[in-house]
Amino acid sequence: MRAQILAGFVVPIVIVAILSWIVSVNMENVRQLSDQSERLVNEVQVRAEVLRTVIDAETGERGYVITGNEEFLEPYENAKRQFARLAAEWRSLAITGGFNPELERMEQLFERWLNNVAEPAIAARALVPGRQFSHSFNAYYHLNRLQEFLREEGMLESVRLENEFYQAARMKALGQSSDAERNSGFLPIVVPSEQLDQLVGELPATGASTELNKTISALVQRLERQWREIALDYREAENVSAELVASGQGKQLVDEMRDIIRAAIAEKEVRYAAVNAEVNERMQLLERLSMYLPVVGVGLGLAILLFMQMGVISSIEKLRVTARRIEAGDLSARVRESRSDELGVLAGDFNRMADQLELADKESTVLAGFQSMLVSSNTEDETYGATARALAKLLPPGAGALYLMAPSRDFAELAISWGFDDEPSLRFHPENCRALRLGRTYKASKESTELFCAHADQQTLEYSVCIPLITRDEVLGTLFLAGTSSSHRPLEDHQITLAKTVAERLSLALSNIRLTEKLRRESVRDPLTGLFNRRYLEETMEREMQRVARAGKPLSLITLDVDHFKRFNDTFGHEAGDRVLEELAEQMTNIARAGDVVCRFGGEEFMIIMPEAGTDTAGERAEELRRRIEMLDLHYGGTSLGHVTISLGVATYPKHAAKKEELIRLADNALYEAKKRGRNQVAIHS
Ligand SMILES: Nc1nc2c(ncn2[C@@H]2O[C@H](COP(=O)(O)OP(=O)(O)OP(=O)(O)O)[C@@H](O)[C@H]2O)c(=O)[nH]1
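Computed from a predicted structure; not experimentally measured.

About the cut-offs
Residues numbered from 1 in each chain as written. Predicted model: local features only at pLDDT ≥ 70, side-chain atom pairs only at ≥ 80, totals over all residues. Heavy atoms only, no water. Axes fitted to C-alpha atoms, helices over the stretch in contact; angles between N-to-C directions. Helix = DSSP H or I, 4+ residues; strand = E, 2+ residues; numbered from the N terminus. Parallel < 35°, antiparallel > 145°, perpendicular 65-115°, else oblique. Left-handed = near helix turned anticlockwise from the far one by under 90°. Contact = heavy atoms within 4.5 Å. Near = heavy atom within 4 Å. Polar contact = N/O pair within 3.5 Å; in protein donor to acceptor, adjacent residues only side chain to side chain. Areas by Shrake-Rupley, 256 points an atom, 1.4 Å probe, with all protein chains shown as cover. Buried < 20%, exposed > 50% of the residue type's maximum accessible area, 1.4 Å probe, protein only. Pairing = 2+ DSSP bridges. Right-handed = clockwise from strand over helix to strand, strands pointing away. Core = buried A, V, L, I, M, F, W, Y, C linked by side-chain atoms within 4.5 Å. Phe/Tyr/Trp six-rings, centres within 6.5 Å; stacked < 30°, edge-to-face > 60°. Arc of directions from axis to C-beta. UniProt positions renumbered as here; feature names shortened; annotations may be inferred. Salt bridge = Lys/Arg side-chain N within 4 Å of Asp/Glu carboxyl O.

Caption draft 1: Just the packing of helix H9 (residues 342-376) against helix H12 (residues 493-524), in detail. Contact pair H9 / H12: the axes reach a minimum separation of 10 Å and the direction vectors enclose 15°. Classed by the angle they form, the pair H9 and H12 counts as roughly parallel. As for how H9 packs across H12, the hand of that crossing is right-handed. Here Leu-359, Glu-363, Leu-367, Ala-368, Phe-370, Gln-371 and Leu-374 of H9 come into contact with H12, specifically with His-494, Leu-498, Thr-501, Val-502, Arg-505, Leu-506 and Ala-509.

This is how it looks when you write it as structure tokens:
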């Protein structure tokens, strides 16, 4: 169960760990995709910047070529430098590493545009300002000379002329020159022809001479020539740009570059969209996982704990039901449990306990039955069989024998045996049994160092156990248990304990039977002679009369009495008289046959009940007894007692009497008749 509890925690942890790993893998994927997306954005940005740079370069080049304004060259030059840097960046970002066909093509086109279009156009356009400057310088020279001449002549107020001139020049310059050119002092001094004409037209008003006018006219003409040169320069510059534009080469190259970049950007944007879609997909998966992860982990843990709980409850329920069945008396009930955890071990222990309980119950039942048999046994023989059967049920297969001490106590006799191939010893001296000698259980086996008892056949034994049968004050015998086959294993302690219980109960039963027999005997026997007493005689005679009556047979009664016994007592003493009575009893017993009942009726009077004996037979037997007594030569204490005689009376049922009392009375009368006739004789009722 510990393993299952562990599983209840470990499995959810493992599953959550797996799910976490999936989350982490997806996170890593998302991170990689984000990197990819970022790189794609960078690539798009680089391409967009390249496109912007190309456009900047072309705009700068075109602006310069068209306007001649060198300010346009700065973005143009910047774009050139920028292009090289961006190309390197484009190349470094490319996954393919070195070779990139689009970039290669772009570099080729840009270089071709630079070499074939932009640089020649700029170079051609750059020549124009030089010539303009030269022509303007000449014009300025001539204008200065004209100014000086007019100032010398006092025809023109220099300040005014200068102002007018500069104003005119400024008006022209503002339309064509950059701030840089103006600040540098290299003003393209171009005076419009209308203003010059106006200036010359004012000359007569100043009162100048014809010579002067000629000079002025010559100077003006030179100025005009310079102006025309300047005008031609402008036209030439305009022609260069016009040609460039008209050729369309630059446009074609730039358009191609634009198309390449736009296509490249479009391709990257498609990939960017695909990557973004995948990122979104994975993000949704992660969102779901992070939402379900705790639910799955906790749910799984609870499910496992619930499953375990159900299993535990089921196992406990099985134990409870089985315990109830055992409690109700069904000791064969067992827990069927296939688990191998603590509950399985508990069920196994429970079943072993139930096994013990069932075995103890079986043993208890056998012992109770044995006890019952002992209690109901009237003879010792009955107890022997009961003992053998009880031991056969209580002990594993084996052999056994019961030995009982003889009344003389100088040997033990075999009462019963079982399981031996060869009959065990019929008798042995008590010294040959260690249990009898020691007064306690003695066990031996082939494997142990203990020797077998001498009374046992040591060659055939695997083991032996001798249990003495002991009552409170007497050793009755020994219970001998033995294994005579290799399949007979030595008895275990608990089995020996059972055998000892059997031996104790048997001892008690034997003791009781013997005591009962003694008491019974004493209650119906005369203590002096050992013959039955008067009470027994009356009981027996009644029963025997009924039995012979059923069989249609007679029953004779002999009564007898010692002649002049009083005188004998008086002569030799009461004890000597007792000795005579004992001898008489022995003689009576000797002549009695099976079925005859010899009794001391009281004092020195005796009776013999002779079932199935007729008057004649009884008379003959009475005579035989009389003769034997007469022949006796009695002694007591070394003194001769001489001879005694007896007188006897005989009566027969149903011939003389129909009832017991009548029969006794008639036999007594016959005895009295014998006494009367002179004693030492037999009288038969007539
Ligand atoms: N020693 C001894 N004497 C007994 C016992 N029972 C009875 N007696 C004696 O037996 C004698 C019987 O005497 P009686 O009845 O007078 O008869 P008897 O002397 O035998 O004379 P008859 O019967 O007429 O021949 C008495 O003295 C009793 O004391 C007994 O158990 N032991």
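So, next bit.
Caption draft 2: Region of the structure containing the site of the ligand. The local shell around the ligand holds 16 residues, among which His-564, Phe-565, Asn-569, Arg-600 and Arg-679 are the closest. Between the ligand and His-564, the relevant distance is 2.7 Å, taken from an oxygen atom to a main-chain nitrogen or oxygen of the residue. At a separation of 2.3 Å, a nitrogen atom of the ligand approaches a polar side-chain atom of Asn-569. In isolation the ligand offers 660 Å² of accessible surface; the protein chains occlude 67% of this area. Within the residue set of the shell around the ligand, elements represented by two or more residues are strand E7 (555-562), helix H14 (565-572) and helix H15 (574-591). No other element matches the four residues that H15 contributes to the shell around the ligand.

Caption draft 3: Structural detail: the side chain of Asn-680. Tracing the backbone shows Asn-680 in the loop between helix H17 (660-676) and strand E13 (682-684). Within polar-contact distance, the side chain of Asn-680 engages the side chain of Arg-626 at 2.9 Å. Ignoring anything within four residues of it in the chain, the contact list for Asn-680 reads Asp-563, Arg-626, Glu-630, Thr-645, Ile-646 and Ser-647.

Caption draft 4: Main features of the pairing of strand E12 (residues 646-653). Among the eight residues in E12, eight count as buried, and that is most of the element. Neither face of E12 is left uncovered, since the one carrying Ile-646, Leu-648, Val-650 and Thr-652 and the one carrying Ser-647, Gly-649, Ala-651 and Tyr-653 both have all their residues buried. Note that E7 and E12 share eight bridges and pair antiparallel. By the bridge assignment, Ile-558 is partnered in E12 with Val-650. Inspection of the sheet shows E12 paired to E13 by three bridges, in the parallel sense. Residue pairing across strands places Leu-648 opposite Val-682, the latter belonging to E13. Read from E12 through H17 to E13, the crossover connection turns out left-handed.

Caption draft 5: Region of the structure containing unusual backbone geometry. For the peptide bond that leads from Tyr-653 to Pro-654, omega is -5°, which places it in the cis range. The backbone of Glu-612 sits at a positive phi, close to 65°, despite the residue not being glycine. Structurally, Glu-612 can be placed in the loop between strand E9 (605-611) and helix H16 (615-631). Judged by its relative accessible area of 40%, Glu-612 is partly exposed. Even without glycine at this site, Arg-679 takes up a positive phi of about 70°.

Caption draft 6: Here's a closer look at the sheet that holds strand E3 (residues 427-428). Read across the open sheet, the six strands follow the order E3-E2-E1-E6-E5-E4; overall the sheet is antiparallel. In the strand order of this sheet, the two ends are held by E3 and strand E4 (442-445), each with one partner. Strand direction decides the pairing type here: strand E1 (residues 399-405) and strand E6 (residues 475-483), joined by six bridges, are antiparallel. If you follow Leu-402 over to E6, its bridge partner there is Leu-479. Across the sheet, helix H10 (residues 380-394) touches E1, strand E2 (412-418) and E6, and the angle it forms with E2 is around 45°.

Caption draft 7: Looking closely at the environment of Asp-561. If you trace the backbone, Asp-561 turns up in strand E7. With a relative accessible area of 11%, Asp-561 lands in the buried category. Linking Asp-561 and Glu-605, residues 44 residues apart in sequence, is a C-alpha distance of 4.5 Å. Sequence-distant contacts of Asp-561, that is, excluding residues within four places in its chain, are made with Glu-604, Glu-605, Thr-645, Ile-646, Ser-647, Leu-671 and Lys-675.

Caption draft 8: Structural context of the nonpolar core. Formed by 32 residues in total, the largest nonpolar core has its most connected members in Val-50, Val-54, Tyr-76, Met-106, Phe-110, Trp-113 and Met-257. Within the residue set of this core, elements represented by two or more residues are helix H1 (2-67), helix H2 (73-93), helix H3 (101-153) and helix H8 (249-327). The element contributing the most residues to this core is H3, with 10 residues. Ignoring any residue separated from it by four or fewer positions in sequence, one finds Tyr-76 in contact with Ala-57, Gly-60, Glu-61, Trp-113, Leu-114, Ala-118, Glu-119 and Ile-122.

Caption draft 9: Broad picture of the packing of aromatic side chains. Per the stated rule, a full pass over the model turns up eight aromatic pairs. A centroid spacing of 3.9 Å and a plane angle of 15° characterise the contact between Phe-83 and Phe-110, whose relative ring orientation is stacked. Here Phe-110 lies in helix H3 and Phe-83 lies in helix H2, a separation of 27 residues in the sequence. Pair check on accessibility: Phe-83 and Phe-110 agree, each one buried. Aromatic ring contacts, followed pair by pair, group Tyr-76, Phe-83, Phe-110 and Trp-113 into a single cluster.

Caption draft 10: Region of interest: the pairing of strand E11 (residues 639-642). In terms of strand pairing, strand E10 (residues 634-636) meets E11 through three bridges, oriented antiparallel. Note that in E11 the partner of Leu-634 across the bridge is Gly-642. Between E10 and E11, which pair antiparallel one after the other, the connecting turn spans two residues, and Gly-637 there sits at a positive phi close to 60°.

Caption draft 11: Highlighting H14. Taken residue by residue, H14 has Phe-565, Phe-568 and Asn-569 as its buried positions. Angular distribution of buried residues about the axis of H14 spans 100°; they occupy a single face of the element. In H14, the exposed positions that point more than 90 degrees away from the buried face belong to Lys-566, Arg-567, Asp-570 and Thr-571. Residues of H14 that are buried make contact with E7, H15 and E11. Just beyond H14, the residue with positive phi is Gly-573, at close to 100°.

Caption draft 12: Geometry of the UniProt feature "transmembrane region" (unreviewed entry) in the protein. Under the feature "transmembrane region" (unreviewed entry), the UniProt entry names residues 6-25 and 291-312. Span residues 291-312 is 100% helix and 0% strand, its end C-alpha atoms 33 Å apart.

Caption draft 13: Layout of the pattern of salt bridges. In this structure the tally under the stated criterion is 50 salt bridges. Across the salt bridge formed by Arg-427 and Glu-413, the nearest N and O atoms sit 3.2 Å from each other. One end of the pair, Arg-427, is in strand E3; the other, Glu-413, is in strand E2, with 14 residues separating them in the sequence. Assessed through its relative accessible area of 48%, Arg-427 is described here as partly exposed. Among the salt bridges present, the one from Arg-520 reaches Glu-517, with a minimum N-O distance of 3.5 Å.

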